[in-house]
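What follows is the residue order along each chain.
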Amino acid sequence: MPELPEVEVTRQSFAERIRGSRVTAVRLGKPLRWPLGCEAKSLVGQTVGEVARRGKYLWLPLDAGGLLLHLGMSGSLAFMAQARAHGAHDHFDLVTTRGTLRLTDPRRFGAVVWSPGLQHGMAAKLLAGLGIEPFDAAFTGEHLHAALRRRRVAIKLALLSGSIVVGAGNIYACEALFLAGIDPRTRSERLSRPRCTALAAALRQTLGQALELGGSTLRNFRDAHGMSGAFQQHARVYGREGEPCLVCGTAIRRIVQAQRSTFFCPHCQRR
Ligand SMILES: [Zn+2]
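Residues numbered from 1 in each chain as written. Predicted model: local features only at pLDDT ≥ 70, side-chain atom pairs only at ≥ 80, totals over all residues. Heavy atoms only, no water.

1. Overview of the overall build of the protein chain
In step 1: Across its full length, the protein chain carries seven helices and ten strands.
In step 2: The globule rule puts the C-alpha radius of gyration for 271 residues at 18 Å, and the 20 Å found for the protein chain is close to it.
In step 3: Principal-axis analysis of the C-alpha atoms places the extent of the protein chain at approximately 60 × 35 × 30 Å.
In step 4: Looking at the protein chain as a whole, 51% of its 271 residues qualify as buried.
In step 5: For the protein chain, the computed accessible surface area is about 12,400 Å², with 51% contributed by carbon and sulfur atoms. (Helix = DSSP H or I, 4+ residues; strand = E, 2+ residues; numbered from the N terminus. Rg over C-alpha atoms; globule rule 2.2 N^0.38 Å. Buried < 20%, exposed > 50% of the residue type's maximum accessible area, 1.4 Å probe, protein only. Areas by Shrake-Rupley, 256 points an atom, 1.4 Å probe, with all protein chains shown as cover.)

2. Topic: the nonpolar core
In step 1: Core analysis: the biggest nonpolar cluster contains 38 residues, and L144, L148, I155, L159 and L199 have the highest contact counts within it.
In step 2: If you list the elements that add at least two residues to this core, you get α3 (141-148), α4 (155-161), α5 (170-180), α6 (193-220) and α7 (226-232).
In step 3: L144 has contacts with F139, I164, C196, L199 and A200, leaving out every residue within four places of it along the chain. (Core = buried A, V, L, I, M, F, W, Y, C linked by side-chain atoms within 4.5 Å. Contact = heavy atoms within 4.5 Å.)

3. Comments concerning helix α1 (residues 4-18)
Residues three or four positions apart in an α-helix share a direction because the helix packs 3.6 residues into each turn.
In step 1: Taking 1.5 Å as the rise per residue, α1 with 15 residues should run 21 Å; its terminal C-alpha atoms sit 21 Å apart, in good agreement.
In step 2: Maximum bend of α1: about 30°, positioned at Q12.
In step 3: Of all 15 residues in α1, eleven are buried, a share of seventy percent or more.
In step 4: Within the span of α1, buried status applies to L4, P5, E6, V7, E8, V9, T10, R11, F14, A15 and I18. (Expected span 1.5 Å × (residues − 1). Bend = angle between axes of the 7 residues up to and from the residue.)

4. Side note on the coordination of the zinc ion
In step 1: Here the zinc ion is held by C245 (SG), C248 (SG), C265 (SG) and C268 (SG), and the distances to it run 2.3 to 2.4 Å.
In step 2: Coordination geometry of the zinc ion: the four donor atoms subtend angles of 102 to 114° at the metal centre, consistent with an arrangement described as tetrahedral.
In step 3: Positions of the donor residues of the zinc ion, expressed as sequence spacing, correspond to C-x2-C-x16-C-x2-C. On the criterion of sequence distance, the pair formed by C248 in the loop between α7 and β9 (253-257) and C268 in the segment after β10 (260-264) is long-range, its members being 20 residues apart.
In step 4: The partly exposed category is assigned to C248, whose relative accessible area is 32%.
In step 5: Of the residues examined, C268 reaches a relative accessible area of 22% and is grouped as partly exposed. (Donors = N, O, S within 2.8 Å, 3.2 Å for Na, K, Ca; no water. Tetrahedral: all angles 85-135°; square planar, octahedral: opposite > 155°, others 65-115°.)

5. A word on the sheet that holds strand β5 (residues 76-80)
In step 1: With antiparallel pairing, the four strands of this open sheet are ordered in space as β1-β6-β7-β5. At either end of the open sheet lies a strand with only one pairing partner, and these are β1 (23-28) and β5. On average, each strand axis in the sheet is inclined to that of its neighbour by 15°, with strand direction left out of account.
In step 2: Sheet topology note: the β5/strand β7 (residues 100-104) ladder contains five bridges and is antiparallel. Note on β7: the bridge partner recorded for F79 is L101.
In step 3: Packed onto the sheet, α1 meets β5, β6 (90-96) and β7 and runs at close to 30° relative to β5. (Pairing = 2+ DSSP bridges. Axes fitted to C-alpha atoms, helices over the stretch in contact; angles between N-to-C directions.)

Honestly, it's all geometry; don't read function into it.
Structural data, given as structure tokens:
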């Protein structure tokens, strides 16, 4: 599943090139998760603005409103100066004067939705429950501490929910908790402020490393899907059950929390 770093690297891969282009045609394939929400031909003639990201959504501003895009479980976006003939899994083409932005999505959980604005209509509805951005200056230990005090769940689950901070997908949540020395089963409301500060920094470090890696990975892969695989090769605990902890040598443990695998070092990570 594309995570925040993949989405951000995808954004960076075409934002500059598409900005200022004019939409010349729109092609819809099979239905995606939600309908487009406007007449496709009403987009023609509009100019594309600065592409932004919020959580795992991309926002493509147009003259009137904009398009909110999500990659779902298996989607990828490619911007091609010269579009190839579309295949069976290509379900949205935004043809512009600079090239074609194409969504390829075999499982069709992805979406392209028109909205009158980021704070209005469908966009406002879809983005309403999202937590703070991890690279936002306001995401501090203090902020995290205050938000976690109202949660009565294990810290790993609070991170995964995305309603406190976005971007902590399964692999990144495991890695950040290891870096911060926090047992993933620790109750959220019990985390002290200094430990929250360490966790906020660890999450930024983990996602920052993934973003850095993504830049180089994207040069070698057709789309962003190779990224989590590449990041996993650098993972300290994720996917390493039974292997020695890189810090203390204790065997890494795997447990299941809310149907997701959690990997951690029982010695380095404390409650
Ligand atoms: Zn250890």
